[in-house]
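Spelled out, the chains give:
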Amino acid sequence: MKGEIVFTLILLFVAFNCVQAQTSDTPVTKKYEYSFTGKATQQQLDKIEADLYQIKTITQVKITYKPDSFAGMLHFTRSYYPGRGEQSDDFNAADIKRIITDAGLVPEEFKEL
């Protein structure tokens, strides 16, 4: 009888720790960059920045642009709380590509840093 209670308590302890490990309360922060080309105005760059901030997990955006070479780089940071499994994060790099093309620019290379 005593052994069954001890076994049950150990089983509950192990199960609780497994569930707790899968749902973490600490956010994951990842940095990305996306290069682009094209003749950009300040209004286009401002629109890209505003559209990126509309994505709920993006917390920081920096855009560098060189008008002499018509090339630029988006630097952005995402912070999110991981859920269970890989499918819980709904981020898609295609959304960033669409934002760049909607601004009339040409997306080049996407990188996770």
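Participant: Hey, could you run me through the pairing of strand β3 (residues 71-80) in this one?
Facilitator: Judged from the ten bridges that link them, strand β1 (residues 28-37) and β3 form a sheet pairing that is antiparallel. Note on β3: the bridge partner recorded for Y34 is L74. Summarising the sheet, strand β2 (residues 58-66) and β3 pair through eight bridges and their orientation is antiparallel. By the bridge assignment for β3, Y65 is matched with G72.

Participant: Would you mind showing me how to read the nonpolar core here?
Facilitator: If you look at soluble globular proteins, the nonpolar side chains tend to sit buried side by side. Counting 19 residues, the largest nonpolar core has L52, L74, F76 and I96 as its most contacted members. Those elements giving two or more residues to this core turn out to be β1, α2 (42-53), β2, β3 and α3 (93-102). Excluding residues within four positions of it along the chain, I96 makes contact with Y34, L52, I55, I58, L74, F76 and F91.

Definitions and limits used
- Residues numbered from 1 in each chain as written.
- Predicted model: local features only at pLDDT ≥ 70, side-chain atom pairs only at ≥ 80, totals over all residues.
- Heavy atoms only, no water.
- Pairing = 2+ DSSP bridges.
- Helix = DSSP H or I, 4+ residues; strand = E, 2+ residues; numbered from the N terminus.
- Core = buried A, V, L, I, M, F, W, Y, C linked by side-chain atoms within 4.5 Å.
- Buried < 20%, exposed > 50% of the residue type's maximum accessible area, 1.4 Å probe, protein only.
- Contact = heavy atoms within 4.5 Å.

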